[in-house]
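So you can see what is in the structure, the chains are spelled out below.
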Amino acid sequence: MKKTKLLGVLAAVLSVSLLGCGKNESQFSGQSGQGNTAVTTTMTSDGKKETTDTFEFVQVKPSPDKYTQYVKSYVGQNLANVGYTSLGGEKRDYYGSATILLSVITADGRYVDLEDDEDMKNYVVIEQVPEVNTEMKLTFEKDSKGEEYSNLIDSTSVEEIVLLVDVVGTKPNGQPTLTKIPTTGDHYHSYIKDYTGRNLGNVGYVSWGGELRDEYGEGSIKLNIVPDDGAYIDVEDIEVLKQYVVIAQDVAAGTELVFTYMTDSNGEEYSNLVDTMTYESVTLYVTKIQ
């Protein structure tokens, strides 16, 4: 059953990654822009061209301070080894004092159970956005005296990292297909995600009020679902949701979303109480997976 979003709960997970060096044989192709793959062309004895995909480990930039992080390289990793699954059933990863949402899309639109290691072991990451070494800025909340808290995050310029995965052993073809979304810059702005291609069971969360919603900064947007067969979709039934894949949306991916915040009696803004948003909902058009 799809989990209802848990608020105010932090999961302490220690993740250790091993960084190799050099070049290894790889199944990956069509990953230009990731910095993870290269194509070597050689001539065979009969004069024919032969290309070989190779995988190159990427050196992630070191963080110079607590305000700056760089997006890690996920391409080539088995999904079960990526980040951690939160108590709310989300895939996330640590970036300094922040935890960033990792959204998973399968190449064929199928559902992935992010709470089942055996299911995740079937998939390998073949593409990501933002790409490795994209700069991520963190801002911290402040107390009544204007002093920063050491570990309470106000905003991150990257709110989501999208991972395209495919079945282990499958050799993907073609160029990268994921949409690059602008970084946010501050907690007054965000950008609409690209939901196309996502399995509905891996989209957003079910609110306490029984709505399918998705987080944007300190706010959230309602996701309206329109199936092409006109069927009723119970958003609280994961078995129903996992049967559908998103094929279109009514607000274009990358559209700017602007927030205003509530103020106290002195006119000071609350850091986490959203007053208005330029978009309250996004309609997702879905079709049943055959």
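Attention here is on the structure that accompanies the text.

Rules and cut-offs
- Residues numbered from 1 in each chain as written.
- Predicted model: local features only at pLDDT ≥ 70, side-chain atom pairs only at ≥ 80, totals over all residues.
- Heavy atoms only, no water.
- Phe/Tyr/Trp six-rings, centres within 6.5 Å; stacked < 30°, edge-to-face > 60°.
- Helix = DSSP H or I, 4+ residues; strand = E, 2+ residues; numbered from the N terminus.
- Buried < 20%, exposed > 50% of the residue type's maximum accessible area, 1.4 Å probe, protein only.
- Lys NZ or Arg CZ within 6 Å of the ring centre and 35° of its normal.

The tally for this structure, following the rule as stated, stands at 4 aromatic pairs. Seen in terms of ring centroids, Tyr67 and Phe140 are 5.7 Å apart; in terms of plane orientation they differ by 85°. Their pairing is edge-to-face. Note that Tyr67 is positioned in the loop between strand 3 (49–56) and strand 4 (68–70) and Phe140 in strand 9 (residues 135–142), a separation of 73 residues in sequence. Residue Tyr67 is classed as partly exposed on the basis of its relative accessible area, which comes to 34%. For Phe140, a relative accessible area of 5% translates into the label buried. With a centroid separation of 6.4 Å and 40° between ring planes, the pair formed by Phe259 and Tyr261 is classed as tilted. The residues Phe259 and Tyr261 share a single accessibility class, namely buried. Through a chain of ring-to-ring contacts, three or more aromatic side chains come together here, namely Tyr188, Phe259 and Tyr261. In this arrangement the basic side chain of Lys72 is found over the ring face of Tyr95, its NZ or CZ atom lying 4.9 Å from the centre. Positioned over the ring face of Tyr216 is Lys193, at 5.1 Å from the centre of the ring.

Any functional reading would require information that these geometric values do not contain.
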